[in-house]
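# Descriptive structure summary
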Amino acid sequence: MDDDDVANRKVSFRKCLEHLSGAGKAIGVLTSGGDAQGMNAAVRAVVRMGIYVGAKVYFIYEGYQGMVDGGRNIVEANWESVSSILQVGGTIIGSARCKAFRTREGRLKAAQNLVQRGITNLCVIGGDGSLTGANIFRKEWSGLLEELAQNGEIDKEQVQKHAYLNVVGMVGSIDNDFCGTDMTIGTDSALHRIIEVVDAIMTTAQSHQRTFVLEVMGRHCGYLALVSALACGADWVFLPESPPEEGWQEDMCVKLSENRARKKRLNIIIVAEGAIDTQNKPITSEQIKELVVKQLGYDTRVTILGHVQRGGTPSAFDRILASRMGVEAVVALLQATPETPACVVSLSGNQAVRLPLVECVQMTQDVQKAMDERRFKDAVQLRGRSFETNLNTYKRLAIKLPDDQIVKSNCNVAVINVGAPAAGMNAAVRSAVRVGIADGHKMLAIYDGFEGFAKGQIKEIGWGDVGGWTGQGGSILGTKRTLPGKSLEDIAAQMRTHSINALLIIGGFEAYLGLLELSAARDRYEELCVPMVMVPATVSNNVPGSDFSIGADTALNTITDTCDRIKQSASGTKRRVFIIETMGGYCGYLANMGGLAAGADAAYIFEEPFDIRDLQSNVEHLTEKMKTTIQRGLVLRNESCSENYTTDFIYQLYSEEGKGVFDCRKNVLGHMQQGGAPSPFDRNFGTKISARAMQWISTKLKEAPGKGKRFMSEDSICVLGISKRNLLFQPVTQLRKDTDFEHRIPKEQWWLKLRPLMKILAKYKASYEVSDSNQLEPVHPRGHEEPAAI
């Protein structure tokens, strides 16, 4: 991108922001329906972004009930009203089911209460019912105002002034049951609760050789059940959208006993509360328990998770998602015209998009209709690409065909971990091994990275060997940072000895460099002319060719949890600022996103150079903050953001400059960011992306029957990653030009666009890039690319 481009883009941002003045506008924000973790983060983002652009923002307490009752239920919010709520589950402005709003009289009262305060912009955070209600209200608005004027409740001038109502929705629902969005606010946190319980149950089940039947929420949607089954490697899962076939009772018992025969000491069965059979009759957890006890005589227990799934603190993913959606919602409201239909702000792959609310709600209702009419295939398809991929991946990984039914490919495929350990690597290895075996390959595990490869630490690995790996942190295969360059001859010899036909590399920047070295050596060693693919796995999230890496989400949650505790400590002592150092090498992803998820005042990163004036302005900003009721500060610093402005230097500067106003403490998080059990996101992402990589390998090998074929083309040695909304296989040689090798980061990084978001929410002036288009997108855009469902 040349300087003119940059200048033009800056001008266009300025234009966007000038058009985005909220002066004279009033926004009402409410949460409605069932609560979900992350709703508070969304409320905070709406309030702060609204105030930032000059609008008035009102809390509407207790959902639509508060709108109908008016009075003290509709209160203007200020900057401090939303302080310290980012880490709180549920919703601080309350949520209630409201019968009155379903009647025209109720909506009349609501309209009168809004007009009295000049509110003509509504931001609704809730499920499809709440959003449908908002859309009906929007359509009736002018009629309601006319009626109020006729009754003498408001005057004609008010009718003209507040002639139309804008509505933007955000979906807050732990079930992830809304069509059009990949993830709803609260889903990831609910998965955290489920996986914490599953991990705890697994240890006790293993001790006693028990079978556990776990019931999770999801009356009409099986997303939570499906993803938790995928993330913990459950033996069987029951979903409303995809009921088991006739005779499932016998199939399930055979599967459970086969797993026990493979020396597996426990069985986990996950049931969505709305699970049904093909005749639409409910399947209950008690029914399943009785069946297992009667048929197999296994010691079986039922655990119903219930409202635990709704509670607790929101995950880092939900906080960032809700903050992004909240800011986008305010922008959408300010850009709306009388003709703009009500929209939903949603996530597609890694992009924030706006979709027409009515179509999304219609599609969500179509799923239920398909289930009622027993058109289960349609129901799964209507749920969207993410659901379908999850279901297909689960089926491939959970059920092993008998050996005599698997068509052998006569190919050996090796899996290797390279670089520093990252949580989720083991889930990726398990997935690759099982998909490979299902495709008829012989799977080989290479231990201890390229070093082990050169020494011949290679063994066959079977279906049962990777059981229970999804929840394990670190790298079971062992991983090293050594590059292959110095031992290429030995590696080529090992590939010849073990006749390796394809290689899957799971790792970070070293894996990327290693892949480049192997690619360059192909003309010297014909053994290296086989399909090779790399799956990015590193806490730093610095691999070119992918927006996300396995392990980064787990590290982000560790940072966020620690920051929550530190903020609590700082709130107790008052007037205290904490400086926290995060990992990431030169990549500021963890510091920046951790800052967004933890509500930091500043985050120093290498990608955005800073000098003493910036440090000074941050100190002044914190000094001003200490005069308010929020008497604490949180500053994150990436470990390599500056050679001279070290964590110690910044700590000493803040301590000196803040004398008499605040005191300072520092904390280096270190290697705790690499450890721990993988988050549900990393387990699921690792499982799916690795399965996709193995499918690619199988396709490549099928293209070249016979052992003699040499793969020389660029597209036979790739990095698989998520880019914007798509899953892409990119030749490693083509990624060279996008790489800053000195600092081990990609030249362009998507998350830098979110940097102004953190600053705005921390009360700094920043130039926020408004969405590329303020147009609504169709609910199902069908492109040629392969969609990346997160």
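Predicted model, so just to flag it, every value in this text is computed and none were measured. (Residues numbered from 1 in each chain as written. Predicted model: local features only at pLDDT ≥ 70, side-chain atom pairs only at ≥ 80, totals over all residues. Heavy atoms only, no water.)

Now for the sheet that holds strand β9 (residues 300-304). Paired through their backbone hydrogen bonds, the strands of a sheet run either parallel or antiparallel. The parallel open sheet is built from four strands, whose spatial order is β7-β8-β6-β9. At either margin of the open sheet sits one strand with a lone partner, and together these are β7 (236-238) and β9. Ignoring strand direction, the axes of neighbouring strands in this sheet form an average angle of 15°. Relative to strand β8 (residues 267-272), strand β6 (residues 211-216) runs parallel, the two being bridged by six bridges. Looking across to β8, one finds that threonine 211 is bridged to asparagine 267. Packed on one face of the sheet, helix α7 (residues 187-208) meets β6, β8 and β9 and runs near 165° to β6. Set on the sheet, helix α10 (residues 285-296) makes contact with β6, β7, β8 and β9; between it and β9 the angle comes to about 170°. (Pairing = 2+ DSSP bridges. Helix = DSSP H or I, 4+ residues; strand = E, 2+ residues; numbered from the N terminus. Axes fitted to C-alpha atoms, helices over the stretch in contact; angles between N-to-C directions. Contact = heavy atoms within 4.5 Å.)

This brings us to the sheet that holds strand β21 (residues 717-723). One open sheet holds the seven strands; their spatial order is β14-β13-β12-β15-β16-β21-β22, and the pairing between them is mixed. Bordering the open sheet on either side are β14 (458-460) and β22 (726-731), each of which pairs with just one other strand. With strand direction ignored, the average angle separating the axes of adjacent strands in the sheet is 25°. By the bridge criterion, six bridges tie strand β12 (residues 412-418) to strand β15 (residues 502-507) in an arrangement that is parallel. Its bridge partner being in β15, valine 413 is matched across the sheet by alanine 502.

Relative to the helices and strands, glutamine 673 resides in the loop between β20 (663-668) and α23 (680-703). What makes glutamine 673 buried here is its relative accessible area of 1%. Here methionine 583 takes part through its backbone nitrogen, which lies 3.0 Å from a polar atom of the side chain of glutamine 673. Residues contacting glutamine 673, with those up to four places away along its chain left out, are Val539, Ala555, Thr558, Ile559, Glu581, Thr582, Met583 and Leu590. (Buried < 20%, exposed > 50% of the residue type's maximum accessible area, 1.4 Å probe, protein only. Polar contact = N/O pair within 3.5 Å; in protein donor to acceptor, adjacent residues only side chain to side chain.)

As a further point, take the pairing of β15. Across the six residues that make up β15, a large majority, six, are buried. Of the pairings in the sheet, the one linking β15 to strand β16 (residues 532-536) comprises five bridges and is parallel in character. Bridging from a neighbouring strand, leucine 504 pairs with valine 533 of β16. In this fold, the crossover linking β15 to β16 by way of helix α18 (residues 509-520) has right-handed handedness. (Right-handed = clockwise from strand over helix to strand, strands pointing away.)

Considering the arrangement of structural elements, one finds valine 68 in helix α3 (residues 63-69). In this structure valine 68 comes out as buried when scored by relative accessible area, which is 7%.

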